[in-house]
Structures are given as C-alpha cells and as structure tokens.
Amino acid sequence: MLQPGVLWWVSAALTLLVPAMTVVTAAAQPVPGPLLTRWSIDVSPHTPHPEHPRPQMMRPHNWHSLNGRWDYELVRLAVTPDDEPAETLLSTGQILVPFPIESALSGCQLRLGPDDVFRYRRTFVVPDAWQSKRVLLHFEAVDWSAVVSLNGTYLGSHSGGYDPFTFDLTDVLATDSGAGQALEVVVADPTDRHTQPRGKQVTAPGGIWYTPTSGIWQSVWLEAVPQTYIKSIRLTPDLDTQTLRIETTVAGLPGSASCSVDSHVFDRDGANELAHSSVTFAQFDGAMNSSVVLNHEVLIPEAHLRPWSPDDPYLYRLRLRLTHGDREHDSDVIESYCAMRKVSVEPDEEGVTRIHLNNEPLFMFGLLDQGYWPDGLYTAPTDEALKFDIEMTKRLGYNMARKHVKVEPARWYYWCDRLGLLVWQDMPSGDASVGYGDGEIERSADSARQFELELKRLIDARGNHPSIVMWVPFNEGWGQYETQRIADWVKQYDPTRLVNAASGWNDVPGVGDVHDIHAYPGPGIPEPETERAAVLGEFGGLGLPLAGHTWQDEKNWGYRSYEDRASLTTAYLDLIEQLRWLIGRPGLSAAVYTQTTDVEIEVNGIMTYDRVIIKFDDIEKVSAANRSVYLPPPRLRTLVRCAHDPGEDAIAWKYTTTNPAAESDTDSPPAWALPGFDDSNWKTGPSGFGTRSTPGAVVNTEWGTSDIWLRRPVSISTPKAAVDDGSGGAALRLLIHHDEDAEVYIDGILAAELKGYSVDYTVVAMTPAASAHLQASRQSGAGVTLAVHCRQTTGGQYIDVGIVEIVEPES
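In this text, all values refer to a predicted model and were calculated from it rather than measured experimentally.

(A) Here's a closer look at the overall build of the chain. Tallying secondary structure elements over the chain gives eight helices and 47 strands in all. Expressed as lengths along the three principal axes of its C-alpha atoms, the size of the chain is roughly 100 × 70 × 45 Å. Looking at the 811 residues of the chain, the share that counts as buried comes to 58%. Surface exposure of the chain reaches about 31600 Å², of which carbon and sulfur atoms provide 50%. When the 65 positive and 108 negative side-chain charges of the chain are each reduced to one mean point, those points stand 3 Å apart.

In structure tokens, the structure reads:
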C-alpha cells in the first residue's frame, strides 16, 4: 500500500511512461450524483470559484486563478520483481478543479485505492506584466500528499490535507514569455488507511462517516509579487489596550538592505483613515532572499473603537505597504481587514464562570457544521453556496458554528467575519480512537509529529479571523493523546482564544478553558467549575428524512427520528426550553446543536442535504426560541420535589414492579393512576428509582426489573404565582429523568408520554389537559395524585419526577 510520506515512490512514478492500453476517459462535466444543490448549475467550467482565495492577504490586481479544467490520469502503482516501480493507467480525462476527485462536480467521481496516485496536468501563460516580478504558485488545500513539478523540474512536496502551501516558480519558468508553462501535481491519499488527520472521511461511508475527498479541493492560483515582498501577516487585537499588534514576515530581502512596513487602518468603507503606524528594519546583514519578521502596534483611537460581535460584526480596512531602501517604485501593498474583539473566561456578576465576549457574558449557541455538500463533498459549489449556510445559521437565531473536524477555505471564515458568526474550530481527527471514559491513545512519533504540524498550520492559516474564538484539538477520543501538553501548547501559541481541550467524552480535569460534554438528545451540563466554563459541545441530533432530498431513499440515520416536520419542531422547541434553564444558576455557557444540514445518510440537519428545505415547520417560532437563549435566563422554582432537589426529608413514593392493571382492564385513564386507587399493597420507597450506574441518576431505591409503577399525592397550593403558559406568567413543567419510556399522569390525566431515555433531569411540558387540571387544583388548593409508569429494555434504568415552574425575569 502506498504510504503517506513515501514521496520517492510518487516522484519515481513521474518519470514512467504510460503503457498503451484501453482506459476510461472522462470530460470535466458534472456527473450524475445521488443529490445536487441548486448552485451546481452556477458552477463555471472555465473559472469555478473565481473569487480571491485569501481576503485578508490581497494584491487585487496581481493574481490569476488556475481553477478550471485540468487533465488527469489515475494510475495504480506496483513494484516489479526487480524492485522497480511500475504503473497501470486506470483512467484518464479532465477534472474540474477545485472539486475533489470523488465528487460529482469534479466530472470524474473516482475513488483512489491504497496504491493509486492521481496526476493533474495543465499549462498556463504568465502575463507579460509579471516579467519583472516573482511568481508564486499557491495551493489552498490538497488532500493528502502532493508532489509538484513545473516544466519537468521538481518544485517540492507537501503532506497535509487542510492547509495552504506555496512554491516560488520564478527560477523554473520557461524563458519564452509566450510559451505555456507545464504544471503537474501528483496526489496520493490514504484516507482512513493511515494515521493522518482526515476528519470524517472513510473508505466505507455510513452513519456519521462520510465519503472521502481526495486531491485538490480548494483553489489553485498564481500571484505576482515584488522581489522583496510581504510573505505573511499575523494580526493580534488587544481590546483592553485598544491596540492591534501586527507581525509581518518579509521575504526576498537583499543582503545589507533595510525595509519598512507602514500600516494604515481605515473605517469599514475604507473612506477615512483612523490610525497609522510604521516600523523600520535597518542594516540587515543576512544572506540574499532571507526573511525577517517586523513587529509593531497600531493604536485605535477611543472614538473609533468598535468591538466586533455577532450583533455588530465591524471590520476595519487594513493596508500594509512594504518598502526597502529607496525603491519606492517596487513597494509591496497588501489589502486586508481586521477587527477588535476579546474572548475570555471569567466570573459574571453572580460569580458563575462564563465565556465573555468583549468583557461581557455572552451565551454562545450554534450548530455543528460538517461542511459537506452532496455535489462537491468538501467543496461548496460556489461562494454564494458557502455564504448561504452562514446566512441561514444567522437567520435562525444562532450566533455560532462549531466547524467539525474540518477546515474550510479562507472565504468561509471571511463570510463569518463579515456576517458576524462566532466559530469554534476543530482540528481534524485522525489515527485511532478510544471509547467514552477510556482516556487517551498512544500515538507513534510520526503520527504525533504530523498531527502537531498540521495543528500549527491550522492556527497559522486561520488565526487572523476574528470570528474564530475557540480551538478544539480533540473530539470524542478520536486521536486524543497527551491532552494537557497539546492544550497548553495551543494556549501558549495563541493566548487570545479559548482552548477546548477535549470536546465530549474524555475530559482531563482542569485542562483548557472549558469543560465540554456531549448529550444526545440532551441537553445537559457538566459540573460547574470555578476556572473553566461549562459548555455543551453537542446535543440534539433530531432526525427527519424528507423524501426527494436524501442521499439514499431509505435506511437513513439519526440520533432520534421523527415522522414529520411538526413533531420535529415540537421536540426541538422543547429542547430549547430545557436549554434555557441550564443557562441560569447552573451556569451553562454555550451549546452546539447537531447539525446544520443532513450529510449523506445522516439526517440530523436542520436543513436537508441539498439545502432546499428547512425542516422546521415554523421558522419564525424557532428563530424566536433560539434568540431567547441570549435573554436573561429563567429560573426554576420547585413545587414538587424530586431526588434532584436538595432536602433533608426523603421523598416517599408508593411503588410496585407488578403490573397493577388486570388483563381485562382497558380503561383510559388506567385505574392505578386515579386518586382513589387502593395502593395499600404497594411498597414505599424514596426517589429516585433505578440502578446507580445510570448517568445522571440519584438512586435511593434500587429498581432492576423491566417495569415500575409509582404513585404519590402532592399539593402545589403554595407558593402562589400565575400559571399562564401563554401570557408571560410562570409555566408549570415536569422535571423528570427517565430511562427508558415513561408515562406521567395527574389525577389520571396523561401529562406526558416520553420515549427513549434522558441522561439527566430535563424540563418537560405537560399536555394542555393536564396543565389546565393542575392549574385549577392549584388555585383551589386541592391536592392531586402524581402517577408514573416507566419501562426498561436494556442498559441503565432510572425514573424520578418532580414539578417546577419556570419563572421568567421581570423585563
């Protein structure tokens, strides 16, 4: 099998002659796929993704896209009996760059085997106006290893599927200005057959694992720069001191020369200059074409200080000008942008540890965003499509996206910066995984080296985007190793952002800025801490396949499935209500709902995979519910205690594990749930009931059989408060932890019928009939009978019920 890093093999293959044989040919036209988006018809076969790939590093008039049709050969490599490399040509034709080899929009939709390489070839002409400049070749991302040559001369290689890389072509360009330059890129991709970071790509997709995305999957482009030029910039805002720190790397500086960088900050429209600063580096004694780093700060005047936030995503225009010696005519100018914002973890006014944005508590609520497309896989069909997901996320009331084990093109983050969407950025996972609570894996030295190299490249490449507020090195035990060391390194390398050391599963106490748990469907909250904020890194996952908009017609998958949009919407709104009370005194700081769209057979999206349908049947109601999480949180007032509530007295229930209903009893409501039922033969025990290993359980009475029935007289005549679910008064709810199915009755009236299981106590709305009856009983001072049936099939088991009222803060 072709192993990553064995680039001699690929290089040797460059020199082989292709044997004469019959091969499959293909043109760079979209091929039929299981599903397309509406943007697929807008994909240009000549210049797909024509926008500048790096909005924060632009020389607007000195670049040229190489996206479009390329020739390709798919080759299988082997070793002859004489240990010489040999190859077999499998397919040849044209591919549309920058779409992955496996995608419909690529025009070929091929798969790479373990011993396959994919050769890209094309020619280009360098504009005459560039003859006095250096010419750079940029790849925004190639998955996974690439060997690049120009005019038969080896330029270099790169391993890593998510980060940009560059070659200087100047010295190998053909001297005839009219001659075409012959570019070749040879790619190999082991996908899940090796340990490299790969995210959710697998060779056998299914469930939460998706189709591989090999080869060039982001833009390829040329850029003309002066002989001495700005190679990179690093922007670090400091809101508290009103300064922007700028680190500029200058390349190609002649020996014994000096250079200076001038930085100009403008308002959003670029009409008014607000601040200016410069730095000079003199008496450079290095070798020709060496690089130097210049650091300086720009002070933003108080009158023009406007912090970036989701509600006000204000961006400053930034222009950098490099000059060296007296060569003003050969200066380099970069057009960029920046923002002033701060993210931190600190106590709020009540002493609860929370995430703060710009020194104010802000609840972060967003979507788990996989970044997959049915027609382009890792690559969105167009820039408008890329923007669409962000616009819909904002429209529905979310203020954040967690970019899940994938890194997007720079333009995705540009739209987040412009539109005001906070980003939690995952590092793509790789290598082996461990189960829940099983700690860490032990990586090989090569695996660890590659992971850390790509992690650093991720921070370097995306670190200037103000929208990114958190780095997430590990997710659910996938490739998780030396968690404390990795988290500490990330925080040291970028102290301006939060570090979520391990999202879900295998937390290392005290490591990172947040403690992140996953709960499906949830919601839930980790135990509050004084030094780390409590966050819910994944929850929800409510599934609904919609015919005509799925990757396959049947056997789709979701964490919890629903039959129609109305029932999905009701369940979602119930989750958001439960989420709100976790924000208050328990202190939840953030939550991530799974997920933005369906992906292949996983149908947990709020949108279908083709982005045609938003699954909620009342978008405005859902949007209002989502925005309610940013309001002052409600509090729960206990009316009927359960084991979740502290108290000295045990909470006694009558209970039985023998079915109290006679076989001929078909009454509705069941007799055992009515106030007058004789339960004198039932046992008495304190709540809750279940097994102690069940997550979130507070077991005071062991229950290990398949079914249990509970009864208890209760009164909620005090404290008095309004009980009007529709007019802003306090709303009565059940506080329940059930594993598994449960029915709850109030005086024989069905109050809730719950399927599946919860992992903690959740707030559940009652049926209108039960709520009205309880309201009337409360007003009259009469007591009621609370009755419960819970059934268990496998795993943990637990049941406990109380009654609370949700009290909204006064406006």
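(B) Structural view of the sheet that holds strand β15 (residues 243-253). Read across the sheet, three strands follow the order β14-β15-β18 without closing on themselves; strand pairing throughout is antiparallel. Edge strands, defined here as strands with exactly one partner in the open sheet, are β14 (229-238) and β18 (290-299). Sheet twist, expressed as the mean angle between neighbouring strand axes with direction ignored, is 15°. Across nine bridges, β14 lies against β15 in antiparallel orientation. The partner of Thr236 across the bridge, within β15, is Arg245.

(C) Spotlight on the pattern of salt bridges. Counted according to the given criterion, the structure contains 42 salt bridges. Between Asp312 and Arg306 there is a salt bridge, with its nearest N and O atoms 2.9 Å apart. Salt-bridge contacts for Arg485 lead to Glu482; the nearest nitrogen and oxygen are separated by 2.4 Å. Taking the relative accessible area as the measure of exposure, Arg485 reaches 38% and is therefore partly exposed. Using a relative accessible area of 40% as the deciding quantity, one classes Glu482 as partly exposed. Residues participating in the shared-partner salt-bridge network are Glu73, Glu87, Arg119, Arg121 and Glu184.

(D) Here's a closer look at the sheet that holds strand β21 (residues 343-347). The strand order across the open sheet formed by three strands is β21-β22-β23, and the pairing between neighbours is antiparallel. Looking at strand neighbours, the two that pair on one side only are β21 and β23 (360-361), the edges of this open sheet.

(E) Local environment of the pairing of strand β32 (residues 533-540). With eight of its eight residues buried, β32 lies for the most part within the structure. As paired strands, strand β31 (residues 514-519) and β32 are joined by six bridges and run parallel to one another. Within β32, the position partnered with Asp516 by the bridge is Val535. Relative to strand β35 (residues 588-594), β32 runs parallel, the two sharing five bridges. What sits directly across from Leu536, in β35, is Ala591.

(F) Examining the packing of aromatic side chains more closely. The full count for this structure, using the stated rule, is 35 aromatic pairs. With a centroid separation of 4.9 Å and 15° between ring planes, the pair formed by Trp489 and Tyr493 is classed as stacked. You can see Trp489 and its partner Tyr493 sitting in helix α5 (residues 483-493), four residues apart, about one turn around the helix. For Trp489, a relative accessible area of 29% translates into the label partly exposed. Ring pairs connect the aromatic residues Tyr162, Tyr210, Trp217, Tyr372 and Tyr378, which therefore count as one cluster. Its end group placed over the ring of Trp412, Lys403 keeps NZ or CZ at 4.3 Å from the ring centre.

(G) Main features of the nonpolar core. Grouped together as the largest cluster of nonpolar side chains are 111 residues, with contacts concentrated most on Ile355, Met364, Phe365, Trp424, Tyr572 and Leu579. Here the element with the most residues in this core is helix α6 (residues 565-583); it accounts for 10 residues. Excluding residues that lie within four positions of it along the chain, Tyr572 makes contacts with Phe365, Tyr398, Leu542, Tyr593, Phe616, Val622 and Asn626. Within the second largest apolar cluster, 34 residues are counted, among which are Tyr120, Leu150, Phe167 and Leu173.

(H) Main features of the pairing of β21. When β21 meets strand β22 (residues 353-357), the two strands line up antiparallel, connected through five bridges. In the sheet register, Glu346 faces β22, and the bridge partner there is Arg354. The loop that links β21 with its antiparallel partner β22 comprises five residues; one of these, Gly351, has a positive phi angle of about 85°.

(I) Just unusual backbone geometry, in detail. The omega angle of the peptide bond from Asp143 to Trp144 is 15°, so this bond is cis rather than trans. Along the polypeptide, Trp144 turns up in the loop between β7 (142-143) and β8 (145-150). Along the chain, Tyr520 connects to Pro521 via a cis peptide bond; the corresponding omega equals -5°. Here Pro521 lies in the loop between β31 and β32.

(J) Looking closely at helix α3 (residues 410-419). Within α3, eight of the 10 residues are buried, which leaves it mostly tucked inside the rest of the structure. Those residues of α3 not exposed but buried are Ala410, Arg411, Trp412, Tyr413, Tyr414, Trp415, Cys416 and Asp417. Looking at the residues trailing α3, positive phi occurs at Gly420, about 90°.

(K) Representation of the packing of helix α4 (residues 445-462) against α5 in the model. One way to put it is that α4 packs onto α5 with a least axis distance of 11 Å and a crossing angle of 30°. Taken as axis vectors, α4 and α5 run roughly parallel relative to one another. Along this stretch, α4 crosses α5, giving a crossing that reads as right-handed. Facing α4, whose interface residues are Phe451, Glu452, Leu455, Lys456, Ile459 and Asp460, α5 presents Arg485, Ile486, Trp489, Val490 and Tyr493. Residue classes in the contact of α4 with α5 are distributed as seven nonpolar, no polar and four charged.

Cut-offs used in this document
- Every chain is numbered independently, its residues counted from 1 as its sequence is written.
- Owing to the predicted nature of the model, reporting of local features is limited to residues with pLDDT of at least 70; listing and counting of side-chain atom pairs is limited to 80 or more, with chain, interface and lining totals taken over all residues.
- Only hydrogens and water are removed before side-chain values are computed, so all heavy atoms of the structure are retained for them.
- Numbering of helices and strands runs from the N terminus, with a helix taken as a DSSP run of H or I at least four residues long and a strand as a DSSP run of E at least two residues long.
- In this scheme, a residue with accessible area under 20% of its type's maximum is buried, one over 50% is exposed, and one in between is partly exposed, where area comes from a 1.4 Å probe on protein chains only.
- Only the protein chains shown count as covering a residue, and every accessible area follows the Shrake-Rupley method with a 1.4 Å probe.
- Working convention for charge: Lys and Arg count positive, Asp and Glu count negative, and His plus the chain ends are omitted.
- Each charge is placed at NZ for Lys, CZ for Arg, CG for Asp and CD for Glu.
- When DSSP locates at least two bridges between a pair of strands, those strands are taken to pair.
- Think of each axis as a best-fit line through the C-alpha atoms, taken over the contacting stretch in the case of a helix, with angles from 0 to 180 degrees between the N-to-C directions.
- By salt bridge we mean one thing: a side-chain nitrogen of Lys or Arg within 4 Å of a carboxyl oxygen of Asp or Glu.
- We call Phe, Tyr and Trp rings a pair once their centres come within 6.5 Å, taking the six-membered ring for Trp, and we label the pair stacked below 30 degrees between planes, edge-to-face above 60, and tilted otherwise.
- By the criterion adopted, a ring carries a charge over it if an Arg CZ or a Lys NZ lies within 6 Å of its centre and within 35 degrees of its normal.
- Residues belong to a common nonpolar core when they are buried Ala, Val, Leu, Ile, Met, Phe, Trp, Tyr or Cys residues joined through side-chain atoms within 4.5 Å.
- What makes two residues a contact is simply this: any of their non-hydrogen atoms within 4.5 Å.
- Should an angle fall under 35 degrees it is taken as roughly parallel, and over 145 as roughly antiparallel, whereas 65 to 115 is taken as roughly perpendicular and any remaining angle as oblique.
- Here a crossing is called left-handed whenever its near helix is offset anticlockwise from the far helix by less than a right angle, and right-handed whenever the offset is clockwise.
- As a working rule, the residues Ala, Val, Leu, Ile, Met, Phe, Trp, Tyr, Cys and Pro are called nonpolar, Asp, Glu, Lys and Arg charged, and the rest polar, with Gly in that last group.

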